[in-house]
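What the coordinates show
Read off the chains here:
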Amino acid sequence: MRFSENLLFKGIDDEKEEILNHIKSGNDVFNIYLLCKTHNQNLFELFEVSELLTPYYSRQNYLVLGLARGKQKGMELAKEIIEDYYNKHGSLEGIKNAIGN
């Protein structure tokens, strides 16, 4: 997995660096979800850390856009990214190519 240069966080305040270091070292972190840019027609995928550490997903080389504490916070993060893009551009056209770049 790769991490966006503009990594976003939701519900993770004082532990950002510690959590990120655990994940980069290949360690699972309980109740942390990774918001990733997809390789298919979807815009995002939300994974638990343990899922992306499996051999199958680690070969997919996902781009991690954000980290969130819990699935709900992960969905909120996705919503915020979409709303921010829409507010800046007036539509969602081109969002898939713009995200993560």
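Structure shown above.
A few points on the structure. (Residues numbered from 1 in each chain as written. Predicted model: local features only at pLDDT ≥ 70, side-chain atom pairs only at ≥ 80, totals over all residues. Heavy atoms only, no water.)

With that settled, the discussion passes to the environment of aspartate 28. Looking at the element boundaries, aspartate 28 is found in the loop between α1 (16–24) and β2 (32–37). Among the residues examined, aspartate 28 registers a relative accessible area of 46% and is labelled partly exposed. Through-space distance from the C-alpha of aspartate 28 to that of valine 49 is 5.7 Å; in sequence the pair is 21 residues apart. Among residues more than four places away in sequence, those in contact with aspartate 28 are Val49, Ser50 and Leu53. Within polar-contact distance, the side chain of aspartate 28 engages the backbone nitrogen of serine 50 at 3.3 Å. (Helix = DSSP H or I, 4+ residues; strand = E, 2+ residues; numbered from the N terminus. Buried < 20%, exposed > 50% of the residue type's maximum accessible area, 1.4 Å probe, protein only. Contact = heavy atoms within 4.5 Å. Polar contact = N/O pair within 3.5 Å; in protein donor to acceptor, adjacent residues only side chain to side chain.)

Time to look at the packing of aromatic side chains. Here the distance between the centres and the angle between the planes together describe a pair of aromatic rings. Overall, the coordinates contain four aromatic pairs when judged by the stated rule. For the pair tyrosine 56 and tyrosine 57, a centre-to-centre distance of 5.0 Å together with 80 degrees between the ring planes defines the contact as edge-to-face. For tyrosine 57, a relative accessible area of 23% translates into the label partly exposed. Ring geometry for tyrosine 57 versus tyrosine 62: centroids 6.3 Å apart, planes at 40 degrees, classification tilted. With a relative accessible area of 6%, tyrosine 62 lands in the buried category. The ring of phenylalanine 3 has lysine 24 sitting right over it, with the charged end atom 5.3 Å from the ring centre. (Phe/Tyr/Trp six-rings, centres within 6.5 Å; stacked < 30°, edge-to-face > 60°. Lys NZ or Arg CZ within 6 Å of the ring centre and 35° of its normal.)

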